[in-house]
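Each chain is listed here by its residues.
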Amino acid sequence: CEDSPSKTEESRPIGYWSCFVMCIVWIAIISHFLVFCASKFGCIAGISPAVMGLTIVAAGTSVPDAISSIIVARQGLGDMAIANSIGSNVFDILLGLGLPWFIASAFVYKTPSFVSIDDLWVGLGFLFGVVICLVFVLSCFGWAMGKRVGAVFISFYVFYVVFELFVHCRIDGTCDQR
């Protein structure tokens, strides 16, 4: 891809790499403040960290993915939008969890980090269910992304958020603080 005919091939890679590194730095800084502010808000509002992670933090960190999927979908590249979404989730699960746990266990705490598995099976069930629903819905609509498919996926997400709030919050509006 040519971005400027006046630039030489030798000078571009440095600019690309410095831009890439600065993007990663800014994403890390903004993500840190997103998690910090979300945890403080959850504490003040009486919302559990699990609910904050499943809703606010997850949505906030997924906005760049959603924007890139929208851009490629508008260009008629629905397969790239779906691949971006699936690839992003695989990256988040494998590297997004694996790298911090590796660093924490190997260099910071020198011991394994233990995870509460109380709600792990529910989350895994939803994760597998989403993949099955993705294939089912796309096959029902002839593997074509459109308004109706988007509406179905949005309704699934609303159901997911309501379900998680139901699981973690009581009738009086207070949430578990696990």
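Look above for the structure.
Source: prediction; values computed, not measured.

(A) Region of the structure containing the overall build of the chain. Across its full length, the chain holds 5 helices and 0 strands. When its helices and strands are written in sequence order, the chain yields α-α-α-α-α. Look at the contacts in the chain between residues 6 or more apart in sequence, and 40% of them connect residues 24 or more apart. As displayed, the chain has an accessible area near 13,400 Å², and 77% of this comes from carbon and sulfur atoms.

(B) Looking closely at the packing of aromatic side chains. Under the counting rule described, the total for this entry stands at 7 aromatic pairs. Where F126 meets Y160, the ring centres are 5.0 Å apart and the plane angle is 70°; that geometry is what we call edge-to-face. One end of the pair, F126, is in helix α4 (residues 120-140); the other, Y160, is in helix α5 (residues 147-168), with 34 residues separating them in the sequence. Owing to a relative accessible area of 18%, F126 belongs among the buried residues under this scheme. Under the relative-accessibility criterion, Y160 is labelled buried at 18%. Grouped by ring-pair contacts, the aromatic residues F126, Y157, F159, Y160 and F163 constitute a single cluster.

(C) Broad picture of a nonpolar patch on the surface. On the surface, W17, F20, V21, M22, I24, V25, W26, I27, I29, I30, F33 and F36 cluster together to form a nonpolar patch covering roughly 1,200 Å² of accessible area. Its location among the elements puts W17 in helix α1 (residues 12-45). Classification of W17 by relative accessible area gives exposed; the value is 58%.

(D) Representation of unusual backbone geometry in the model. Positioned with a positive phi, W143 is a non-glycine residue whose angle comes to about 55°. With respect to the secondary-structure elements, W143 resides in the loop between α4 and α5. According to the relative accessible area criterion, W143 is exposed, its value standing at 57%.

(E) Looking closely at the side chain of T55. Checked against the element boundaries, T55 lands in helix α2 (residues 49-74). Excluding its chain neighbours within four sequence positions, the residues that come into contact with T55 are Y157 and V161.

(F) View of helix α3 (residues 78-108). For α3, spanning 31 residues, the distance from its first C-alpha to its last is 42 Å, which sits close to the expected 45 Å at 1.5 Å a residue. Most pronounced at D92, the bend in α3 amounts to some 30°. Of the positions making up α3, those classed as buried are A81, S88 and A104. The inward-facing, buried residues of α3 contact α2. Looking one or two residues past α3, K110 carries a phi angle of roughly 60°, positive in sign.

Cut-offs applied
- Residues numbered from 1 in each chain as written.
- Predicted model: local features only at pLDDT ≥ 70, side-chain atom pairs only at ≥ 80, totals over all residues.
- Heavy atoms only, no water.
- Helix = DSSP H or I, 4+ residues; strand = E, 2+ residues; numbered from the N terminus.
- Contact = heavy atoms within 4.5 Å.
- Areas by Shrake-Rupley, 256 points an atom, 1.4 Å probe, with all protein chains shown as cover.
- Phe/Tyr/Trp six-rings, centres within 6.5 Å; stacked < 30°, edge-to-face > 60°.
- Buried < 20%, exposed > 50% of the residue type's maximum accessible area, 1.4 Å probe, protein only.
- Patch = residues over 30% accessible without salt bridge, like charges linked within 9 Å, V, L, I, M, F, W, Y side chains within 5 Å.
- Salt bridge = Lys/Arg side-chain N within 4 Å of Asp/Glu carboxyl O.
- Expected span 1.5 Å × (residues − 1).
- Bend = angle between axes of the 7 residues up to and from the residue.

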